[in-house]
Amino acid sequence: MSAAKRTASSIQAFGSRLTRKKFIDTDVMETNLRRCLNTADITMLAIGHMVGSGVYVLTATVAKNIAGPAVVVAFLFSGFASFLAALCYAELGVRYPRSGSAYSYTYLALGELWAFLVGWNISLEHVIGAAAVSRACSAYIDSLAGGIIKNATEAMTGGTFHVPFVAERLDFLAFGILILFTICLSFGVRMTSHLNNVFSVANIIVIVTIVCVGAYFADTKNWTNPETKGFMPFGWSGVLAASASCFYAYVGFDSIASSGEEAKDPQKSIPRATMISMGIATTTYVAVATVLTLMVNYRDIHDDSGLPDALDAHGAHWAKIVVIVGAVSGMATGIIGSLFALTRVIYVMADDGLLFAFCSNVNTRTKIPLGAMYIFASLSALMSLTLDINTLVEVMSIGTLFAYLVVSASVIILRYKPDLGPKSDSQELSSIGDSVEKLDDSRAGQLRDRFQMLSIYINWGPGRLVTMCVLFFIIFVFLICGFVMGCSSSIGEGSWWAIIILLVLLLGAIACFVLIVLHHQSNTPLRYKVPLVPLIPALSIVVNAVLIVNLKAATWLRLLIWVAVGLSMYLTYGVGHSKLDVSSPKSTLLKPGSPPPPTWGSLEREPSFDGSKKPSEHPPEKTKPPVVASLSQEFLVDNVDSSP
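A brief look at the structure comes next. Here the structure is a predicted model, which is why all the values come from computation and not from measurement.

This paragraph deals with helix α2 (residues 39–50). Compared with an ideal rise of 1.5 Å per residue, which puts twelve residues at 16 Å, α2 spans 17 Å between its outermost C-alpha atoms and is within 8% of the ideal. Of all twelve residues that make up α2, eleven are buried, and the element is covered over most of its length. Burial in α2 covers these residues: Thr39, Asp41, Ile42, Thr43, Met44, Leu45, Ala46, Ile47, Gly48, His49 and Met50. At the N-terminal end of α2, a side-chain oxygen is found 3.2 Å from the backbone nitrogen of Ala40, two or three residues along, and the residue is Asn38.

Under the defined criterion, the tally for this structure stands at 16 aromatic pairs. Summarising the aromatic geometry, the rings of Phe116 and Trp120 are spaced 5.9 Å apart at their centres and angled 10 degrees between planes, so their arrangement reads as stacked. Taken together, the positions of Phe116 and Trp120, both in helix α6 (residues 112–144) and four residues apart, correspond to about one turn of that helix. Take Trp120: its relative accessible area is 5%, and that puts it in the buried class. Measuring from ring centre to ring centre gives 6.4 Å for Phe483 and Trp497, while their planes differ by 80 degrees; the resulting arrangement is edge-to-face. You can see Phe483 sitting in helix α18 (residues 464–486) and its partner Trp497 sitting in helix α20 (residues 496–517), a full 14 residues away along the chain. You can call Phe483 buried: its relative accessible area is 13%.

Here we take up the nonpolar core. With 174 residues, the main nonpolar core has Tyr56, Val71, Phe75, Tyr89 and Phe253 as its most contacted residues. With sequence-adjacent residues up to four places away left out, Val71 is seen in contact with Thr59, Val62, Ala63, Cys246, Ala289 and Thr293.

Here we come to the environment of Ser123. Counting through the fold element by element, Ser123 comes out in helix α6. Expressed as a C-alpha distance, the spacing of Ser123 and Ala341, which sit 218 residues apart in the sequence, is 8.5 Å. Other than its neighbours up to four places away in sequence, Ser123 contacts Leu342, Ile346 and Trp562.

We now examine the packing of helix α4 (residues 71–95) against helix α13 (residues 266–295). Close contact between α4 and α13 brings their axes to 10 Å; oriented N to C, the two are set at 175 degrees. One way to sum up the angle between α4 and α13 is to call them roughly antiparallel. Of α13, the residues touching α4 (which contributes Val71, Val72, Phe75, Leu76, Gly79, Ser82, Phe83, Ala86, Leu87, Ala90, Gly93 and Val94) are Gln267, Ile270, Pro271, Thr274, Met275, Met278, Thr282, Tyr285, Val286, Ala289, Thr290 and Thr293. For the contact of α4 with α13, the class distribution of residues is 16 nonpolar, eight polar and no charged.

This brings us to α13. Compared with the 44 Å implied by 1.5 Å per residue over 30 residues, the 42 Å span of α13 between its first and last C-alpha is a close match. Extensive coverage of α13 is indicated by the burial of 22 of its 30 residues.

Viewed as axis vectors pointing N to C, helix α3 (residues 53–67) and α13 meet at an angle of 50 degrees, and their least axial separation amounts to 10 Å. With respect to α13, the element α3 is oriented oblique. Where α3 crosses over α13, the two elements pack in a sense that is right-handed. Of α13, the residues touching α3 (which contributes Gly54, Val55, Thr59, Ala60 and Ala63) are Thr284, Tyr285, Val288, Ala289, Leu292 and Thr293. Among the residues making up the contact of α3 with α13, the classes are represented as seven nonpolar, four polar and no charged.

Let us look at the pattern of salt bridges. Under the defined criterion, the tally for this structure stands at six salt bridges. Its salt-bridge partner being Glu112, residue Arg20 comes within 2.8 Å of it at the nearest N-O pair. Of this pair, Arg20 sits in the loop between α1 (3–19) and α2 while Glu112 sits in helix α6; the two residues are 92 residues apart in sequence, bridging distant segments of the chain. Each member of the pair, Arg20 as well as Glu112, carries the same accessibility label: buried. The shortest N-O distance in the salt bridge between Asp351 and Lys579 comes to 3.7 Å.

This part takes up the layout of surface pockets. Within this model, the second largest pocket holds a volume of roughly 940 Å³. In terms of lining residues, the second largest pocket is bounded by 34 residues, among which Leu110, Trp114, Ile413, Thr467 and Leu471 are the most central. Within the residue set of the lining of the second largest pocket, elements represented by two or more residues are α1, α6, α17 (393–415), α18, α22 (553–577) and α23 (633–638). For the lining of the second largest pocket, the leading source of residues is α18, giving eight residues.

What follows deals with the environment of Ser200. Turning to its location among the elements, Ser200 is positioned in helix α9 (residues 189–216). Sequence-wise, Ser200 and Gly48 are 152 residues apart; in three dimensions their C-alpha atoms are separated by 5.3 Å. In this structure, Ser200 is in contact with Met44, Gly48 and Thr333, ignoring residues within four places of it in sequence.

Residue Pro534 is reached from Val533 by a cis peptide bond, and omega for that bond is 10 degrees. Along the chain, Pro534 falls in the loop between α20 and α21 (535–549). Despite not being glycine, Lys367 shows a phi value in the positive range, around 60 degrees. Here Lys367 is to be found in the loop between α15 (319–351) and α16 (370–386). Lys367 gets classed as buried once you look at its relative accessible area, which sits at 8%. The backbone phi angle of Leu532 is positive, close to 55 degrees, even though this residue is not glycine. Tracing the backbone shows Leu532 in the loop between α20 and α21.

Rules and cut-offs
- Residues numbered from 1 in each chain as written.
- Predicted model: local features only at pLDDT ≥ 70, side-chain atom pairs only at ≥ 80, totals over all residues.
- Heavy atoms only, no water.
- Helix = DSSP H or I, 4+ residues; strand = E, 2+ residues; numbered from the N terminus.
- Expected span 1.5 Å × (residues − 1).
- Buried < 20%, exposed > 50% of the residue type's maximum accessible area, 1.4 Å probe, protein only.
- Polar contact = N/O pair within 3.5 Å; in protein donor to acceptor, adjacent residues only side chain to side chain.
- Phe/Tyr/Trp six-rings, centres within 6.5 Å; stacked < 30°, edge-to-face > 60°.
- Core = buried A, V, L, I, M, F, W, Y, C linked by side-chain atoms within 4.5 Å.
- Contact = heavy atoms within 4.5 Å.
- Axes fitted to C-alpha atoms, helices over the stretch in contact; angles between N-to-C directions.
- Parallel < 35°, antiparallel > 145°, perpendicular 65-115°, else oblique.
- Nonpolar A, V, L, I, M, F, W, Y, C, P; charged D, E, K, R; others polar.
- Left-handed = near helix turned anticlockwise from the far one by under 90°.
- Salt bridge = Lys/Arg side-chain N within 4 Å of Asp/Glu carboxyl O.
- 1 Å grid on protein atoms, 1.4 Å probe; cavity = no way out; pocket = protein on both sides within 12 Å on 5 of 7 lines; lining within 4 Å.
- Points joined across faces, edges and corners; volume = space filled by probe spheres on them.

See the structure below:
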């Protein structure tokens, strides 16, 4: 074999390792974690994660500096974007009720490299989120104490620091808050749920009180005053920029997907919890933003204490204490939600071999991956102690938007792919739901009968053309958003070249969408499916792209640095230690003389938790068909009979 052919073969083999995918086992309910959460528990977990510091800190800052009273529209827009993504999360959560949320979904739909990037960004989101919320919680507690903690810290450390990305003072209280909650969460998921429910109820009571009292002091002149340019002083550009920042307020619904492996009945609980929590969170943010901007002029809002100062300005002095109690409760639930989701994402990535193995060890008594929790909670605590979190929070938004975009694309890809697993393996969880008949899925991903003539020109395997169309649709959407943002003046003036470029890009995106529609969808039965596929996921992709391009350039730079760190870790450790890699000691691909591999959902270390069964009552593991060891299973399946 010539050197060129060897090089090409090596590149192809390495590329197949980066794009290898998993497919699911028959019993996806099997887990090392404890399935004990009902719909109410999961709903409260998501509400607590979403309705936290965003109400007390983010609303005032965005209203004063970015959008003015139009922050109400910004919350509606970002809530709509989050709702579209939440619909996609709900379907994939029903299909694959496992920990890891977007990471796990991407692993099944797009492959290992994309899955790692999504999981790595989600972990950053939760690490920074827990640190930022703990610092905000510390500030509110110190405010209630009259600034004693701040003054004592500055006296002990000799004043403030003035170093880029470093906080002006060390925040030992924020560090202690995170360590305290990490200890509490170590006692198990039931303890986590009870603690979250208590703080969530207290927070909701306070928010209802704030809205009622604020509505009493509302004055519509604060929305119509011409001196302050009325309701939308910063224009639509301000609204879009505010929407990108407000998106941070809705990241908590990711906790629903992360809890899929600990839900009693995930097919029922995940869709219901998603709809209820998103509705309550959006209503809460819109209501608080409305009363805040109606109570005082947006120019007079205080960044750090907007709500208590607005109420205090109208003589409701008692409200400051009430707001601080609610803020501390809401931020406590935010910390709980971030640590909960962070632990599950790191656990499943380590369990797949992409991160260090000790992070996948599950405590036999509490059924919690304590290694993953302690390592990354400690990192978050150190960040809360030393770093200026405000400079990093926007990275959370772009990482989350990226994950939402990939999940939306995954829904389209999976809807147009046939079942790649053995025919005896059903992706429908009939063991925990109503029994359904497995329908014929053989035409999924193929062109509809009236459009079969197109196969003369493009004769790929089922679903391959759809996957390429989704990729090019995303590229066209980003090009459209970037072009409109950069050449808005030329488009507004009607320049012929700008109009032609815009039309070409629009036609490209529309053509990709139409080609997707021309294919048969999978008819695999599920309790919940996203309606109007591919329209709803495509809209989610568009909205996420619009928000991403409106983020600052510095945010992109910080994200690229984080991604570079993650890629170096993946390429030096994850590729070789992945359970899908033939050279890995824990490889799940078949080696000569080895037993058949377990697929996703078959965990090897210990049996699944089920208090009603004795160990001997667990059914024997099913034998899986052999898999050729040289390439990933998905790569082989995708390339069968792909020649014209």
